[in-house]
There are 2 protein chains.
Amino acid sequence: MAACAFLSRLSPLLRERFGCKVRALSCAVTCSQLHKVEGPGGLTGKVDRFGGVTVNLAEVGLPADISENAFSSLLQDSLVQWKADGKMAVWLQVPISLSRCAAAAAAHGFTFHHAKSDHAMLALWMGEGESRLPGFATHQVGVAGAVVDESAGKVLVVQDKNKTKNAWKFPGGLSDPGENIGVTAVREVFEETGVRSEFRSLLSIRQQHQHPGAFGMSDMYIICRLSPLTYDINFCTHECLRCEWLHVGELTETSSTTPITSRVARLLLHGLEQGFDKIDLTMEELPAVYSGRFYQLYHRQLPAKS
Amino acid sequence: MAACAFLSRLSPLLRERFGCKVRALSCAVTCSQLHKVEGPGGLTGKVDRFGGVTVNLAEVGLPADISENAFSSLLQDSLVQWKADGKMAVWLQVPISLSRCAAAAAAHGFTFHHAKSDHAMLALWMGEGESRLPGFATHQVGVAGAVVDESAGKVLVVQDKNKTKNAWKFPGGLSDPGENIGVTAVREVFEETGVRSEFRSLLSIRQQHQHPGAFGMSDMYIICRLSPLTYDINFCTHECLRCEWLHVGELTETSSTTPITSRVARLLLHGLEQGFDKIDLTMEELPAVYSGRFYQLYHRQLPAKS
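If you're wondering where the values come from, they're calculated on a predicted model, not measured in any experiment. (Residues numbered from 1 in each chain as written. Chains lettered and ligands numbered in written order. Predicted model: local features only at pLDDT ≥ 70, side-chain atom pairs only at ≥ 80, totals over all residues. Heavy atoms only, no water.)

## Details of the overall build of chain A
Looking only at helices and strands, chain A features seven helices and 15 strands. Evaluated residue by residue, chain A yields a buried proportion of 55% over its 306 residues. Of all intrachain contacts in chain A linking residues separated by at least 6 positions in sequence, the fraction that spans at least 24 positions is 60%. Surface accessibility of chain A: about 13100 Å² in total, with carbon and sulfur atoms responsible for 50%. (Helix = DSSP H or I, 4+ residues; strand = E, 2+ residues; numbered from the N terminus. Buried < 20%, exposed > 50% of the residue type's maximum accessible area, 1.4 Å probe, protein only. Contact = heavy atoms within 4.5 Å. Areas by Shrake-Rupley, 256 points an atom, 1.4 Å probe, with all protein chains shown as cover.)

## Looking at the side chain of Lys87 of chain B
Residues and elements named next belong to chain B. Relative to the helices and strands, Lys87 resides in the loop between helix H3 (68-84) and strand S4 (89-95). Despite its burial, Lys87 pairs with no opposite charge, the nearest such side chain being Asp85 at 4.9 Å. Beyond its immediate chain neighbours, meaning those up to four positions away, Lys87 contacts Val47, Gly51, Val53, Trp82 and Met126. (Lys, Arg positive; Asp, Glu negative; His and termini not counted. Salt bridge = Lys/Arg side-chain N within 4 Å of Asp/Glu carboxyl O.)

## Some details on helix H5 (residues 181-193) of chain A
All names here are of chain A. Its 13 residues give H5 an end-to-end C-alpha distance of 18 Å, which sits within 8% of 18 Å, the value for a rise of 1.5 Å per residue. Of all 13 residues making up H5, 13 are buried, and the element is well covered by its neighbours. Looking one or two residues beyond H5, the residue adopting positive phi is Gly194, at roughly 80°. (Expected span 1.5 Å × (residues − 1).)

## Observations concerning the interface of chain A and chain B
Facing 118 residues of chain A, the contacting portion of chain B comprises 120 residues. Buried area between chain A and chain B, both sides added, is near 10300 Å², and the carbon and sulfur share of it is 63%. Residue Glu68 of chain A is joined to Arg100 of chain B by a salt bridge in which the shortest nitrogen-to-oxygen separation is 2.6 Å. The interface formed by chain A and chain B includes 26 residue pairs in polar contact (both at pLDDT 80 or more). Its residues placed into classes, the side of chain A that touches chain B shows 54 nonpolar, 37 polar and 27 charged. (Buried area = accessible area lost by both parts, 1.4 Å probe. Polar contact = N/O pair within 3.5 Å; in protein donor to acceptor, adjacent residues only side chain to side chain. Nonpolar A, V, L, I, M, F, W, Y, C, P; charged D, E, K, R; others polar.)

## Structural notes on the confidence of the model for chain A
Across chain A, the average pLDDT comes to 86, with 85% of residues at 70 or higher. Considering only residues more than four positions removed or in separate chains, one finds that residues 1-34 of chain A, a stretch of pLDDT under 50, has 71 contacts. (pLDDT = per-residue confidence, 0-100.)

## Concerning the relation of the copies chain A and chain B
Here chain A sits on chain B after a turn of 180° about the axis and a move of 0.0 Å along it, with an RMSD of 0.0 Å. Such a combination of rotation and displacement between the chain copies is what one expects of a two-fold axis. For chain A, the residue whose C-alpha comes nearest the rotation axis is Arg100 of chain A, separated from it by 2.0 Å. A share of 99% of the interface residues of chain A reappears at the interface of chain B, consistent with the copies meeting face to face through the same patch. (Least-squares fit on C-alpha atoms with pLDDT ≥ 70 in both.)

## Details of unusual backbone geometry
Its identity is not glycine, yet Gln210 of chain A carries a phi of approximately 50°, on the positive side. Assessed through its relative accessible area of 47%, Gln210 of chain A is described here as partly exposed.

## Focus on helix H3 (residues 68-84) of chain A
Structurally, the α-helix is built with 3.6 residues per turn, so residues lying three or four positions apart point the same way. Residues and elements named next belong to chain A. In this model H3 runs 24 Å from its N-terminal to its C-terminal C-alpha over 17 residues, within 8% of the 24 Å that 1.5 Å per residue would give. When H3 is considered as a whole, its buried residues turn out to be Phe71, Ser72, Leu75, Ser78, Leu79 and Trp82. One side of H3 holds all its buried residues, which, seen down the axis, span an arc of 135°. What points out from H3, more than 90 degrees from its buried face, is the exposed set Asn69 and Ala84. (Arc of directions from axis to C-beta.)

## Side note on the environment of Arg293 of chain B
Structurally, Arg293 of chain B can be placed in the loop between strand S14 (282-287) and strand S15 (294-299). Overall, the relative accessible area of 42% leaves Arg293 of chain B in the partly exposed class. Setting aside its immediate chain neighbours within four residues, Arg293 of chain B contacts His209 and Gln210 of chain A together with Leu286, Pro287 and Ala288 of chain B.

## Observations regarding the nonpolar core
Counting 54 residues, the largest nonpolar core has Phe71, Leu92 and Leu122 of chain A together with Phe71, Leu92 and Leu122 of chain B as the members making the most contacts within it. When sequence neighbours within four positions are dropped, the list of residues in contact with Phe71 of chain A reads Leu43, Leu57, Leu62, Ile66, Leu92, Cys101 and Ala104 of chain A. In terms of nonpolar packing, the next biggest core, distinct from the first, is built from 44 residues, Val141, Met220 and Tyr298 of chain A together with Ile222 of chain B among them. (Core = buried A, V, L, I, M, F, W, Y, C linked by side-chain atoms within 4.5 Å.)

## As for the pattern of salt bridges
Scanning the entire structure with this criterion turns up 24 salt bridges over all chains. Close ionic contact of Arg200 of chain B with Glu198 of chain B constitutes a salt bridge, the shortest N to O distance being 3.1 Å. The network of salt bridges with shared partners includes Asp176, Glu179, Arg187, Glu188 and Glu191 of chain A.

## Observations concerning the pairing of strand S3 (residues 52-56) of chain B
Residue and element names in this part refer to chain B. Burial within S3 is extensive, with five of its five residues counted as buried. The alternating pattern of S3 places Gly52, Thr54 and Asn56 on one face and Val53 and Val55 on the opposite face, and all of these are buried. Counted between consecutive antiparallel strands, the loop separating strand S2 (residues 44-47) from S3 contains four residues, among which Gly51 sits at a positive phi close to 85°. Bridge analysis of S3 against S4 gives five bridges, and the strand direction is parallel. Counterpart to Val53 in the pairing with S4 is Val90. (Pairing = 2+ DSSP bridges.)

## A closer look at the packing of aromatic side chains
Applying the stated rule across the entire model yields eight aromatic pairs over all chains. An angle of 45° between the planes, with centres 5.6 Å apart, marks the rings of Trp91 of chain A and Phe215 of chain B as tilted. You can see Trp91 of chain A sitting in strand S4 (residues 89-95) and its partner Phe215 of chain B sitting in the loop between strand S11 (197-208) and strand S12 (218-228), one on each of two chains. The two residues Trp91 of chain A and Phe215 of chain B agree in class, both being buried. Ring centres 6.2 Å apart and planes at 55° place the aromatic pair Phe136 of chain A and Phe215 of chain B in the tilted group. Within this pair, whereas Phe136 of chain A is found in the loop between strand S6 (119-125) and strand S7 (139-149), its partner Phe215 of chain B is found in the loop between S11 and S12, the two belonging to separate chains. Judged by its relative accessible area of 13%, Phe136 of chain A falls in the buried class. The rings of Trp91 and Phe136 of chain A together with Phe215 of chain B are connected pair by pair, giving a single aromatic cluster. (Phe/Tyr/Trp six-rings, centres within 6.5 Å; stacked < 30°, edge-to-face > 60°.)

## Some words on the pairing of S15 of chain B
Most of S15 of chain B sits out of view: five of its six residues are buried. Pairing of strand S11 (residues 197-208) of chain A with S15 of chain B, which is carried by four bridges, proceeds in the antiparallel orientation. Looking at S15 of chain B, one finds that Gln207 of chain A is bridged to Gln296 of chain B. Bridge analysis of S14 of chain B against S15 of chain B gives six bridges, and the strand direction is antiparallel. Residue pairing across strands places Glu285 of chain B opposite Gln296 of chain B, the latter belonging to S15 of chain B.

## Some words on empty space enclosed by the protein
For the structure on display, the rule yields one cavity of 30 Å³ or more. Empty space within the largest cavity amounts to approximately 40 Å³. Taken together, Val94, Ser99, Ala102, Phe112 and Ala120 of chain A together with Val94, Ser99, Ala102, Phe112 and Ala120 of chain B make up the lining of the largest cavity. Taken together, the residues of the lining of the largest cavity sort by class into eight nonpolar, two polar and no charged. (1 Å grid on protein atoms, 1.4 Å probe; cavity = no way out; pocket = protein on both sides within 12 Å on 5 of 7 lines; lining within 4 Å. Points joined across faces, edges and corners; volume = space filled by probe spheres on them.)

## Re the side chain of His270 of chain B
Here His270 of chain B lies in helix H7 (residues 259-274). With sequence-adjacent residues up to four places away left out, His270 of chain B is seen in contact with Leu302 and Pro303 of chain A together with Gly275, Lys278 and Ile279 of chain B.

What follows is the structure in structure tokens.
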């Protein structure tokens, strides 16, 4: 925890400069309180309450064959106007077919914020000091399922086909966009092993940065406890070399496994012996205050209210 | 958990078609076992063990002013060759200054996979069926810190300046890229309140999709338990309206708070009364098997090995 201690010692001066203002623009492009502004002879943008302007190049009627130079001039005029108006930031949404406009914008200091499928989002910070624009998603989420057959004291494990060391691990994989943790666990277990199961609890979380396979980003790896609905194994031969119901005690003792699997096996053994309430984080679905959509909240089970 | 049940009922046929092959290309561009291939009169790429080709346009000696048409022809020749060679996918890393090449690639079916700062990564799936290429990061990570003064039975809470409802909540904010959960909690508490603290445990996790302010992506919101190192409040007037040490019992009863804060207040009260081991996930740092880098693992405390 050396980094925590270091950050705690940051001087009030540094805090004043970089600290408490960081989130000021944190919903720049998703804010619903937008209104349109048009620069004289420039681009039409939408202004948000944080002082940012968003321009979607798909919506401003640019000629499909506009040249980099012509777009550069147009952008230049708009930037002069936005600066005069005291705007803090400009967001530029660029359809992939107009990507040459991104090169033109780069010459004015814009950089990529993110890109998805058919468009890129560029941003330019025009306020004082370092950019206070919020970043894009930083983590992929991987989920594994420990399917426990309580009556037999066994757990479902696989050996990956593509790894050099044949270590037992719990079946799992990456969450699809918008997929809940428990759904990923159940899906991946079924895809890899053919065993159907249902979500019980969350057991452990690992955070790892610069994760291999995450394009330089971070990884959140979550292991869930599942209960089997079926027991017959029909494992995926593309992904797995072996798949077995293994005694939990055996999994705690073997060296043919990963440190995390071994640790979670110890948790499971403790749970089998003392009750799963000793190891579980339970899940509850609650409605979000603003959107009304449901989210999943995980924490230790609380005793019933008296 | 209706979705889990639904997925569990997927037919073996569907599983055969979409299921167990999904991760086959999951480290396409980070794999270290690459070798160069050059198409006749085409682009030079690196081949990975999953049958993908990666071309970095910054490294293949393109003229800086290459036209969209000229690049399109070059790419076309290479695609013919790669298809003939049975390649499964092509990754195209495009510097922002050569963005016009992204428009040309889009005409051949490429889409944006992601973009960062000065470059975009495009991808084209050439294998059979649906793309099996891995996605990019899907989650932002937000962290809040519940700083508990155990001797006084109080916890540090703030009211956001920019929200309409003045609800007490724990100070917090988004993790910076590569920042550990505990470090974010300590940093954000200090920035918002001036109170220095140290990480103790992880209390709860919320997963929410289509999160406002996350550019259409998902959010993982984590609340940590912290211990105070200092007690004087010097809160950030840009972000906060009020900041106080509030009795934990009072926070469990007030309606001026969010559902999650209220829930965590109940956890904290339970912890103050029965011991924090009843509510904590403890953290341990372990070395990654392959990279040797350290990762953080969170789970229920295990009894000491006998």
